[in-house]
Amino acid sequence: QVLLAGRLGAAGTGATYDFGPVLSEIAPVLRWADLAICHMETPLGVPGQQPGGYGSSPFGGRRILAPYEMASALEASGFDRCSTASNHSYDLGKNGIGSTLAALDDAGITHAGTARTPLEADPAILTINGVHVAHLSYTEYSNTVLPTESWMVNISESPERVARDVRSARGLGAEIVIVSLHLKQEMQYQPAPADRLFVTDLTDLADIDLVVQHGPHVVQPVEIVNGTVVYWSLGNFLSGMGFPRSGKYSDHHTLDGLLATVRFTEKASGTFDAEPFTVAICNELLPRTVRAAVPTLADPGLNPALRRETQACLDRTIAVVDAVN
């Protein structure tokens, strides 16, 4: 079973940070998966480095840094790997890419999407329960001017470019290929026409088992495109969005997310069937604890205020996604 989680972009105000409590409720779900993958949207700092805002980008967005301690909390909660290609990947330049990947390395979490060397940018093959798996990560755009070394941040320039990488991974022995894509269009509850065309062309050009997308900050449907399971948007996993008066991100939908949970079953032909069973998750508004909605609501002793908040999150999600667990 493979599990992918959405956007991580938390920041704090002290010298050290403890994310254990906010991730503790979701940890049993993460640890159940054979391979659990997060999307690290913002760079991670070095130990003791102040997280938070680092000014504006040349294109109007915010440059953001998350705490170093996030990586160890992810590992302790059950994550094995993270995609790191996003619009924020180069917010703090080469140093930000270096500190992010070093923090993940320190925590024993593998990664794809950004790189410190050309060799690190090449597709890697993971062996999960004896199955060879490739996980590739790309972003559609960047908040900042990108480095001249194009291998430092994977840009999804065209379906053909991503398809070439998929074929390369297959050539290295990948039996299952997962592609993570970070999108530009935010706060939309259905895939943008251009994104739908990109994925349709990509899955027509290359043999991909699972496509998972991030960036809109709200959940979007799950569909089958050219025989490939596609999660159009996982929404948010852990973020500072959803507060009133926080601009376009104040919508409570930014508190909602999905875990793209997929079971791969090998067929006689040697190929794999992908069976999605999606888990709805909720960012609790004040303490930011991440919870799986359905198991949380099944607790008869749940605090009434938290029950109302979690039920509202689940209701928003099932209005968009056909089946959630």
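Check the entry above for the structure.
Residues numbered from 1 in each chain as written. Predicted model: local features only at pLDDT ≥ 70, side-chain atom pairs only at ≥ 80, totals over all residues. Heavy atoms only, no water.

Engineer: Give me the overall build of the chain: which residues, what numbers.
Structural biologist: Check the secondary structure of the chain and you find nine helices and 17 strands. Computed over its C-alpha atoms, the radius of gyration of the chain comes to 18 Å, within 12% of the 20 Å expected for a compact globule of 325 residues. Expressed along its principal axes, the backbone C-alpha trace of the chain runs to roughly 55 × 45 × 35 Å. Expressed as a percentage of the 325 residues in the chain, the buried residues total 56%. Considering only intrachain contacts with a sequence separation of at least 6, the fraction spanning at least 24 residues in the chain is 70%. In the structure as shown, the chain presents an accessible area of about 13100 Å², 53% of it carried by carbon and sulfur atoms. (Helix = DSSP H or I, 4+ residues; strand = E, 2+ residues; numbered from the N terminus. Rg over C-alpha atoms; globule rule 2.2 N^0.38 Å. Buried < 20%, exposed > 50% of the residue type's maximum accessible area, 1.4 Å probe, protein only. Contact = heavy atoms within 4.5 Å. Areas by Shrake-Rupley, 256 points an atom, 1.4 Å probe, with all protein chains shown as cover.)

Engineer: Requested: an account of unusual backbone geometry, with residues and values cited.
Structural biologist: Even without glycine at this site, Asn129 takes up a positive phi of about 55 degrees. Along the chain, the position of Asn129 falls in the loop between strand E7 (125-128) and strand E8 (131-139).

Engineer: Please provide a residue-by-residue account of the packing of aromatic side chains, values included.
Structural biologist: Tallied over the entire structure, the rule returns two aromatic pairs. Look at Trp32 and Phe277: their rings are 5.7 Å apart centre to centre, the planes differ by 80 degrees, and that puts the pair in the edge-to-face class. A residue pair is termed long-range when its members are at least 10 positions apart, and Trp32 in helix H2 (residues 27-32) and Phe277 in the loop between strand E15 (272-276) and strand E16 (279-283) qualify at 245 residues. Geometrically, the ring pair formed by Phe79 and Phe237 is edge-to-face, given 5.6 Å between the ring centres and 90 degrees between the ring planes. Here Phe79, found in the loop between helix H3 (69-77) and strand E5 (81-83), pairs with Phe237, found in strand E13 (residues 236-238); they are 158 residues apart in sequence, far enough to count as distant. Residue Phe79 is classed as buried on the basis of its relative accessible area, which comes to 2%. (Phe/Tyr/Trp six-rings, centres within 6.5 Å; stacked < 30°, edge-to-face > 60°.)

Engineer: Give a description of helix H6 (residues 159-171) that names residues and reports values.
Structural biologist: Look at H6: 18 Å from first C-alpha to last across 13 residues, which is about the 18 Å you get at 1.5 Å a residue. Residues of H6 that are buried: Pro159, Arg161, Val162, Ala163, Asp165, Val166 and Ala169. Remark: Gly173 follows H6 within two positions and exhibits a positive phi of approximately 110 degrees. (Expected span 1.5 Å × (residues − 1).)

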